[in-house]
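Single-letter residue listing:
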Amino acid sequence: NRWEWEAVSSGDFPEQLLLDILGNRKTVLFVEGTVDSYDTKLYSQIYKNYYIVPCGSCTSVISRTKAMKSNEQLHDFKCFGIIDRDFRSGYEIDAFKADDIYTLKVAEVENLFLVEELLQTVNSIMGFEDNTRVDNVIKYIIETRFAGQINAQVCESVVAELKYQLSVASISKRSEEEAKNTLNNLIENIKYDTIKAEQENKFNSVLENKDYKEVLKVFNCKSLSTSTGRFFDLDNKAYRDFVLRQIKGSRSQEIITALIPYLPTEIPLE
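Since this is a predicted model, take the numbers as computed values, not measurements.

Caption draft 1: View of the sheet that holds strand β1 (residues 27-31). If you trace the 4 strands from one edge of the open sheet to the other, you get β2-β1-β3-β4, paired in parallel fashion. Edge positions in the sheet fall to β2 (50-54) and β4 (101-103), since each has one partner strand and no second. Neighbour-to-neighbour, the strand axes of the sheet open up by a mean angle of 25°, direction not taken into account. Two strands pair when backbone bridges link them, and strand β3 (residues 79-83) and β4 are joined in this way by 3 bridges, in the parallel orientation.

Here it is as structure tokens:
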């Protein structure tokens, strides 16, 4: 899982991958997902001058980026890692930057398909003359989906913060008794009620303000982008594939321009 912070081992960097990078000689971008996932398909069109390496989980993205940066054979090669924002806190996101691992400005890659600029582009491609459909998508996501799942989202964010705090804590290794004592002290110092109140305030504030960008930034729901195609007279499940077809066609630059504000600024497009 994403809270593993142990030292990177040589097993995180397969020999074949090393040979591929040496042969390719492009800047490497480690991403989540598989070869056939939306992550890889989307990033391959946006970062065309990079060697895209799908790693599966975010943990693998993190470990492989660190492994490549520490590999003496690859010291002349540059690499980046890009991961979903998920429920990460600001200080966790900042900590990853030291290793050139950056997060999206939306909760997960699926939310890129729903940013307002892209909805506007899809609306234009479909030939609709007003923004009614775009407005309806935004209203549906905020007032129906986000509002309806806000309690579950708060719960998940609290659990994520608790796991993170536990993962970075220092527990004594000198003896079993000291290990128990430091663990007990750690648990006592983790303020569950405070964490819950902070997360409730954050999510409720986003909902109250109806800030669509902030909703997409905190709302983790992978099925969200498979429920909005109908607003554009498209099949819900075909919506993401429709966008991927467009990004390969004549409207490619419009699609990419719509997504740029939500990508890590630290990773150059070229």
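From this point, the discussion proceeds with the structure in view.
Caption draft 2: Spotlight on helix α4 (residues 90-97). Burial in α4 covers these residues: E92, I93 and F96. All buried residues of α4 fall inside an arc of 100° around its axis, so they share one side. The elements touched by buried residues of α4 are α3 (58-70), β3, β4 and α6 (132-167).

Caption draft 3: Representation of the nonpolar core in the model. Formed by 63 residues in total, the largest nonpolar core has its most connected members in Y47, F232 and Y239. Here this core takes 11 residues from α6, the largest share from any one element. Not counting chain neighbours up to four residues away, the residues in contact with Y47 comprise L29, I52, I82, L263, P264, I267, P268 and L269.

Calculation rules
Residues numbered from 1 in each chain as written. Predicted model: local features only at pLDDT ≥ 70, side-chain atom pairs only at ≥ 80, totals over all residues. Heavy atoms only, no water. Pairing = 2+ DSSP bridges. Helix = DSSP H or I, 4+ residues; strand = E, 2+ residues; numbered from the N terminus. Axes fitted to C-alpha atoms, helices over the stretch in contact; angles between N-to-C directions. Buried < 20%, exposed > 50% of the residue type's maximum accessible area, 1.4 Å probe, protein only. Arc of directions from axis to C-beta. Contact = heavy atoms within 4.5 Å. Core = buried A, V, L, I, M, F, W, Y, C linked by side-chain atoms within 4.5 Å.

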